[in-house]
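In case you want the letters, here they are:
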Amino acid sequence: MAFEPPERLVRALGETYGDDVAARWLGQLPELADATAARRGLTVERVQAPGGRSSLVLLVRCEDGTPAALKLAPPAARPEWERAALRHWNGWGAAQLLDADSSEESLLLERLHPEVSLRSLPEAKALLEAAGTVRRLWVEPPAEHAFETVAQRTERQAVPMRAGVEPELAPLVEAALTARDNLTSTPAESLLLHGNFRQSKVLSGERAPWLTVGPEPVVGERAYDLARLVRDRVEDLIAAPSGASVARRRVNKLADSLDVDRDRLHGWTLFRAVESGLRARAAGRTTDAELLLEFADWL
């Protein structure tokens with residue numbers, strides 16, 4: 001099966017794992033897709049585009065005609081963690097694994113409607129549905145799990161942030177790092193989290209109106225999981241005259257609706273926005289970086 005990987009995947013893999021790792025995996029991807037589909041007895045319909053940032057998703061049909069989605073990710077993306085999380089949720093708020101007993105790194109998932117995410121809804125409705133969806137995922141992690149903790153993940157992310165930035169950004173970065181240190185020194189909860197939850201990760205389904213995809217599972221407190229959702233549609237917030245006040249109200253509204261501490265959600269929102277902004281700067285995504293850092297400065 002000949003195909004070109006979606007451009008977003010190519011760009012994001014290089015940014016996240018380095019160009020050499022990305023090029024090596026992408027170079028073997030067509031053969032890997034063919035072999036995996038043949039081994040599983042799947043008929044490939046098409047590549048899902050624009051697709052994700054860390055995996056290739058193929059829309060397929062099983063031998064009995066059931067529509068499904070086959071997800072292929074490089075080992076560095078830890079697909080085994082996604083499999084473990086999806087198996088633990090067992091379809092509760094998330095896409096159902098169709099091969100829950102498999103040990104393969106590729107994932108065979110129930111087919112959702114990738115063209116219809118919560119971003120297709122008006123903002124207020126989208127946030128309401130997002131809150132109702134993510135709360136289903138917050139459960140006790142499986143015994144003897146191998147997931148990272150929030151403290152471990154954010155310590156790894158903080159390393160390049162401590163390496164030094166331009167003087168004009170130093171106060172904002174210092175505030176973000178201080179918030180992270182304070183939050184991890186007083187952990188509030190130890191629940192299984194999605195890890196990268198936002199509106200575009202919630203898709204329309206047949207079995208349920210909305211189901212989550214693409215977890216980057218981590219164990220920690222709910223406020224960490226909500227922090228990425230706070231800045232959804234950041235480009236609209238930045239463009240609005242009242243964007244700063246709307247952003248601060250969003251923190252409070254989401255915290256209150258899900259019984260999360262406002263200050264902890266504020267701190268994690270600050271850290272995650274600054275970390276993402278600096279990573280975007282390093283990758284040359286100047287516009288994204290400016291939006292994220294301006295948003296963080298409002299907080």
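Please read all numbers here as calculations on a predicted model, not as lab measurements.

*Asks:* Is there a simple way to think about the packing of helix α11 (residues 262-282) against helix α12 (residues 286-298) in this case?
*Replies:* A packed helix pair is summarised by two numbers, namely the angle formed by the two axes and the spacing between the axes. Taken N-terminus to C-terminus, the directions of α11 and α12 make an angle of 155°; their axes are 8 Å apart at the nearest point. On the basis of the axis angle, α11 is roughly antiparallel to α12. Here α11 runs over α12; the crossing is left-handed. Where α11 abuts α12, its residues Thr269, Leu270, Ala273, Val274, Ser276, Gly277, Leu278, Ala280 and Arg281 lie against Asp288, Ala289, Leu292, Leu293, Phe295 and Ala296.

*Asks:* I tried to follow the packing of helix α6 (residues 150-161) against α11 on my own but got confused; where do I start?
*Replies:* For the pair α6 and α11, the least separation of the axes is 10 Å and the interaxial angle reads 45°. Judged by the inter-axis angle, α6 sits oblique to α11. Crossing of α6 over α11 shows left-handed handedness. Between α6, through Val150, Thr154, Gln157 and Met161, and α11, the contact on the second element is made entirely by Trp268, Phe271, Val274, Glu275 and Leu278. Taken together, the residues of the contact of α6 with α11 sort by class into six nonpolar, two polar and one charged.

*Asks:* How do you make sense of the packing of aromatic side chains when you look at a structure like this?
*Replies:* Remark: the centre distance and the inter-plane angle together describe each pair of aromatic rings, the angle taken between the planes. Counted according to the given criterion, the structure contains two aromatic pairs. Plain terms: the ring middles of Tyr224 and Trp268 are 5.3 Å apart, the flat faces sit at 85° to each other, and that makes the pair edge-to-face. Of the two residues, Tyr224 sits in helix α8 (residues 222-230) while Trp268 sits in helix α11, which places them 44 residues apart along the sequence. For the residue pair Tyr224 and Trp268, the accessibility class agrees, reading buried in each case. What links up through ring pairs into an aromatic cluster is the set Tyr224, Trp268 and Phe271.

Procedures and definitions
- Every residue gets a number counted from 1 within its own chain, in the order that chain's sequence is written.
- Predicted model: local features are reported for residues with pLDDT of at least 70 only, side-chain atom pairs are reported and counted for 80 or more only, and whole-chain, interface and lining totals are derived from all residues.
- To get the side-chain values, take all heavy atoms of the structure and skip hydrogens and water.
- Every axis in this analysis is a line fitted to C-alpha atoms, fitted for helices over the stretch in contact. Angles between the N-to-C directions lie between 0 and 180 degrees.
- The helix and strand labels rest on DSSP assignments: H or I over at least four residues marks a helix, E over at least two residues marks a strand, and numbering proceeds from the N terminus.
- Should an angle fall under 35 degrees it is taken as roughly parallel, and over 145 as roughly antiparallel, whereas 65 to 115 is taken as roughly perpendicular and any remaining angle as oblique.
- Handedness of a crossing follows from how the near helix is turned relative to the far one, being left-handed for an anticlockwise turn of less than a right angle and right-handed for a clockwise one.
- Any two residues whose heavy atoms approach within 4.5 Å at even a single point are treated as in contact.
- Under this grouping Gly is polar, as are all residues other than the nonpolar Ala, Val, Leu, Ile, Met, Phe, Trp, Tyr, Cys and Pro and the charged Asp, Glu, Lys and Arg.
- By convention, a stacked pair of Phe, Tyr or Trp rings (six-membered ring in the case of Trp) has centres within 6.5 Å and planes under 30 degrees apart, an edge-to-face pair has planes over 60 apart, and any other such pair is tilted.
- A simple rule labels every residue: compare its accessible area, found with a 1.4 Å probe on the protein chains alone, to the largest value its type can have, and call it buried under 20%, exposed over 50%, or partly exposed in between.

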